[in-house]
Amino acid sequence: MDWMTMSLEARNLAFNNVAHVGAEVVQAKREAWIAASQALRARRPGHLDLAYAPGGRTKWDLYPAADPAAPCFVHIHGGYWQRGSREDFACLAEGALARGWAAALPGYTLAPEASLTRITEELRAAFDWLAAEAAGHGIAGPAIVTGWSAGGHLTALMLDHPRVAAGLAISGVFELAPLRDSPHVNDQVKLTETEIETLSPMRLPGTAKPLAIAYGTAELPAMIAASRDFHAYRAAAHLPGELVPIARANHFTILDELRRPDSVLIRAVVRMAEHGAA
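Nothing here was measured: the structure is a model prediction, and the numbers come from that model.

1. Re the overall build of the protein chain
The number of helices and strands found in the protein chain is 10 helices and eight strands. Taken over the C-alpha trace, the protein chain has a radius of gyration of 17 Å; the compact-globule value for 278 residues is 19 Å, and the two agree within 12%. For the protein chain, the spread of C-alpha atoms along the three principal axes comes to 55 × 40 × 35 Å. Taken across its 278 residues, the protein chain has 55% of its residues classed as buried. Across the protein chain, the fraction of contacts at a sequence separation of at least 24, relative to all contacts at a separation of at least 6, is 72%.

Shown next as structure tokens:
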């Protein structure tokens, strides 16, 4: 896409996933996630709301496996860095939990209260906490970090943390510059030029850990291109990780994959874990 020749309206719509699918459809999906997540948290209340830093959102929800050495599915929620919570997306751990894995979901402060710089700093502190404290909660296996949308971007940034063995970035944005011209994102996130330069994974040296990159084939063209371009960027540097297109999935239905233990995405997570352990 030639961003220089596009109108402001076109630039804004290029990454507006809600407008693409429809607000009512998205709201129904969110309500279903929240209900399923509340049920999971009610069944597994033993290791929730564990603070890793001061603040209302800087907490972990942990779901240990029967085997402390089992891999740990970590999921960073999306919402363009300004919406969502770990509580609302707990149900996305269902597929991994059904395979006998542990799971862990971190929260983080949202924009505009927090800049993207602060959000990434918080998540690094979260993984520091996980490295130091998770074993005491029954989670000692390798951490496979996953994330969706904004969480996909954050997954790419967290891949270099020593506690992380491998990752899966789902429907992320990896070059931040176009979002500068998307009011539905940047009115709240307020990206700086420094953040665009230093927090765009497409501008950073890649990490030599396995990272699968997934997208739905029914997503916006700009979202599809973001995943394909980032995979090509990593592949050019000979960095491991597959490209995983999910047929007919849009930006929201792609998450259904994480709730099924034998889905394409969960199988990709398993492969990344096996690759990371090799």
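2. Describing helix α5 (residues 116–133)
Compared with the 26 Å implied by 1.5 Å per residue over 18 residues, the 25 Å span of α5 between its first and last C-alpha is a close match. Restricting attention to buried positions, one finds in α5 the residues L116, I119, T120, E122, L123, A126, F127, W129 and L130.

3. A word on unusual backbone geometry
Following A111, the chain continues into P112 via a peptide bond in cis, with omega recorded as 5°. Along the chain, the position of P112 falls in the loop between β4 (102–106) and α5. Backbone geometry places S171, a non-glycine residue, at a positive phi of 55°. Secondary-structure assignment places S171 in the loop between β6 (164–170) and α7 (183–189). In this structure, H238 takes a positive phi of about 60° despite not being glycine. Relative to the helices and strands, H238 resides in the loop between α9 (221–236) and β8 (243–246). According to the relative accessible area criterion, H238 is exposed, its value standing at 73%.

Thresholds, definitions, all that
Residues numbered from 1 in each chain as written. Predicted model: local features only at pLDDT ≥ 70, side-chain atom pairs only at ≥ 80, totals over all residues. Heavy atoms only, no water. Helix = DSSP H or I, 4+ residues; strand = E, 2+ residues; numbered from the N terminus. Rg over C-alpha atoms; globule rule 2.2 N^0.38 Å. Buried < 20%, exposed > 50% of the residue type's maximum accessible area, 1.4 Å probe, protein only. Contact = heavy atoms within 4.5 Å. Expected span 1.5 Å × (residues − 1).

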